[in-house]
Amino acid sequence: MKSYLVVLISLFISLTVVVAGEPLQKTTTLWTGPPIAQGVKQIPFIPGVTHQTIHRAQKEGYKFLHGAAIIEHKGVLYANWANSPTNENGPHETLQGRRSRDGGKSWSELEVIGPGFEGPDRHSHGVLFVHDGKLWTICSRFGVGKKARKFNGLQAEAFVLNEETDCWESQGIVMNNCWPYDEPVRMKNGNLITGGQDKDGLPVVAISHGKDLTKWDTVAIPYPPELAPSFAETTVWAEGNIVRAIIRGGGGVAWISHSDDYGRTWSKAQKSNLPMPRAKAYLGKLSTGQQYLVSNLKNRDTLVISVSKPGETTLSRMWRIRDGKSKPPRFPGAAKGKQWSYPYAFEHDKKLYVVYSIGKEDCGLSILPVESLQFDASTESP
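Just so you know, these numbers come straight off a predicted model, no measurement behind them.

Asks: I'd like a description of the sheet that holds strand S6 (residues 111–114), backed by residues and values.
Replies: The strands that make up a sheet pair up through hydrogen bonds in the backbone, lying either parallel or antiparallel. Taking strand neighbours across the sheet as the criterion, the four strands line up as S3-S4-S5-S6 in an open arrangement whose pairing is antiparallel. Since the sheet does not close on itself, it has two edges, and those belong to strand S3 (64–73) and S6, each with one partner. On average, each strand axis in the sheet is tilted by 30° relative to the strand beside it, whichever way the strands run. As paired elements, strand S5 (residues 94–100) and S6 share three bridges and run antiparallel to each other. Across the sheet, Gln-96 pairs through a bridge with Val-112, a residue of S6.

Pasting the structure below:
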């Protein structure tokens, strides 16, 4: 009996050592700038930034808005977003938008791009991009089909602007099990890639079949239990065969995964050292050669942009875009609250146009001079 107890004790000690000896979840370096100020008021605002509201919810219209996207095409700015009568992801949700012909100073009347449905089917927000000279938008569509943790029957439907009729025309379902979130990036192999989440709220990317944008493959990004994904919106950028994904996750930081084969396989997502709450971010690259990330900082009260030095992939300088609580929503609705959130960006004419939700009710626009985001000898610290 004594020898049996000795064996059990030895086994217990061995198991304890193995568990205790497991390496902690690694942290990927995303931020290489000076220590980020604990008080957000110490982070400077971007010199020359201007703000406006593209769309405000009205009593007689749809009162929920989220997930704006923006692009310039042939001298016109196009912005669109999810609009629903009352609640987020609710029945009758649509994709609607406005246009500006004067650089964002004024905007056209609302136009419906992805219409609503009588039953549980619905359209929601997505991405905007230009392909072969034509303006595309791909938005999520869900509510009918296979049951899921988050979005039953999740698909994505494409619309192309017919410039002769000036109307948006459906190209049908082009993605399955992916809700796309950022302007697709053309990779060196000719395919386009965009970040997203799947029907269960898990991180994925979608990859086009070359120039055929009616067919996309959905690829899952592996993650550890610590990620605890919940609405794991993913944004990507590609350089050569390397693709980097930044993912909404837990722990108050951005999560990162890498692919070195054009997005076909991915490393297990890891924590980064950049603070970010559970909220969608947007990754891109400026004409200056600087990578940038528009994200919330500690919570949705503060929207920031972080940039790299030209040619680098780690971020090292940060500015505030919006700060302080937004005005409270004027109309009731599920998931609403004071916030500046879900950014999306596009560079045009030496300006970075950043759109976002204001309280999940209105669409905000901040215009950032690209020259204000550059490094020089006098801007080496935040």
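Having seen it, we continue.
Asks: With reference to specific residues and values, describe the side chain of Glu-72.
Replies: Inspection of the secondary structure assignment puts Glu-72 in strand S3. No salt bridge forms around the buried Glu-72; measuring N to O, its nearest opposite-charge neighbour Arg-101 is 9.7 Å away. Only 3.4 Å separates the side chain of Glu-72 from the backbone nitrogen of Lys-74, close enough to count as a polar contact. Among the polar contacts listed, one links the side chain of Glu-72 to the backbone nitrogen of Gly-75, at a separation of 2.6 Å.

Asks: Kindly report on the packing of aromatic side chains, identifying the contributing residues and their values.
Replies: All chains considered together, the criterion is met by nine aromatic pairs. Between Phe-151 and Trp-179, the aromatic rings sit 5.0 Å apart at their centres with planes inclined by 65°, giving edge-to-face as the arrangement. Of this pair, Phe-151 sits in the loop between strand S8 (134–142) and strand S9 (155–162) while Trp-179 sits in strand S11 (residues 179–180), and the two are 28 residues apart along the sequence. For Trp-179, a relative accessible area of 2% gives the class buried. Linked through ring pairs, Phe-142, Phe-151, Trp-179, Tyr-181 and Phe-231 together constitute an aromatic cluster. The ring of Phe-331 is capped by Lys-63, whose NZ or CZ atom sits 5.9 Å from the centre of that ring. Seen from the ring of Phe-45, Arg-320 lies directly overhead, with NZ or CZ sitting 4.0 Å from the centre.

Asks: Which residues make up unusual backbone geometry, and what values do they have?
Replies: With phi around 55°, Phe-231 is a residue other than glycine that occupies positive phi space. Positive phi values are uncommon outside glycine, yet Lys-350 reaches one of about 65°.

Asks: Give a description of the sheet that holds strand S26 (residues 362–369) that names residues and reports values.
Replies: The strand order S2-S26-S25-S24 describes an open sheet built from four strands, whose pairing is antiparallel. Unpaired on one side and paired on the other, strand S2 (50–55) and strand S24 (340–348) mark the two borders of the sheet. Averaged over all pairs of adjacent strands, the angle between strand axes in this sheet comes to 25°, irrespective of strand direction. As paired strands, strand S25 (residues 351–358) and S26 are joined by eight bridges and run antiparallel to one another. Considered in S26, the bridge of Ser-357 is made with Cys-363.

Asks: Explain the pattern of salt bridges to me, using residue names and the numbers behind them.
Replies: Counted according to the given criterion, the structure contains 19 salt bridges. Its salt-bridge partner being Glu-157, residue Arg-141 comes within 2.9 Å of it at the nearest N-O pair. Placement of Arg-141 in strand S8 and of Glu-157 in strand S9 is noted, with a sequence separation of 16 residues between them. For Glu-157, a relative accessible area of 6% puts it in the buried group.

Asks: How would you explain the UniProt feature "domain: Sialidase" (unreviewed entry) in the chain if you had to name every residue and give the values?
Replies: Feature annotation in UniProt places "domain: Sialidase" (unreviewed entry) on residues 77–351, given in this structure's numbering. Helix makes up 0% of residues 77–351 and strand 50%, with an end-to-end C-alpha separation of 12 Å.

Asks: I'd like to hear about the pairing of S26, residue by residue, with values.
Replies: Here is the key point about a regular strand: its side chains alternate between the two faces of the sheet. Judged by how many residues are buried, S26 sits mostly within the fold: eight of eight residues are covered. The two faces of S26 match: Asp-362, Gly-364, Ser-366 and Leu-368 on one face and Cys-363, Leu-365, Ile-367 and Pro-369 on the other face are all buried. Where S2 lies against S26, five bridges are found, and the strand directions are antiparallel. Directly across from Thr-53, in S26, lies its bridge partner Gly-364. In this antiparallel pair of consecutive strands, S25 and S26, the connection spans three residues, and Gly-359 shows a positive phi of 65°.

About the cut-offs
Residues numbered from 1 in each chain as written. Predicted model: local features only at pLDDT ≥ 70, side-chain atom pairs only at ≥ 80, totals over all residues. Heavy atoms only, no water. Pairing = 2+ DSSP bridges. Helix = DSSP H or I, 4+ residues; strand = E, 2+ residues; numbered from the N terminus. Axes fitted to C-alpha atoms, helices over the stretch in contact; angles between N-to-C directions. Buried < 20%, exposed > 50% of the residue type's maximum accessible area, 1.4 Å probe, protein only. Lys, Arg positive; Asp, Glu negative; His and termini not counted. Salt bridge = Lys/Arg side-chain N within 4 Å of Asp/Glu carboxyl O. Polar contact = N/O pair within 3.5 Å; in protein donor to acceptor, adjacent residues only side chain to side chain. Phe/Tyr/Trp six-rings, centres within 6.5 Å; stacked < 30°, edge-to-face > 60°. Lys NZ or Arg CZ within 6 Å of the ring centre and 35° of its normal. UniProt positions renumbered as here; feature names shortened; annotations may be inferred.

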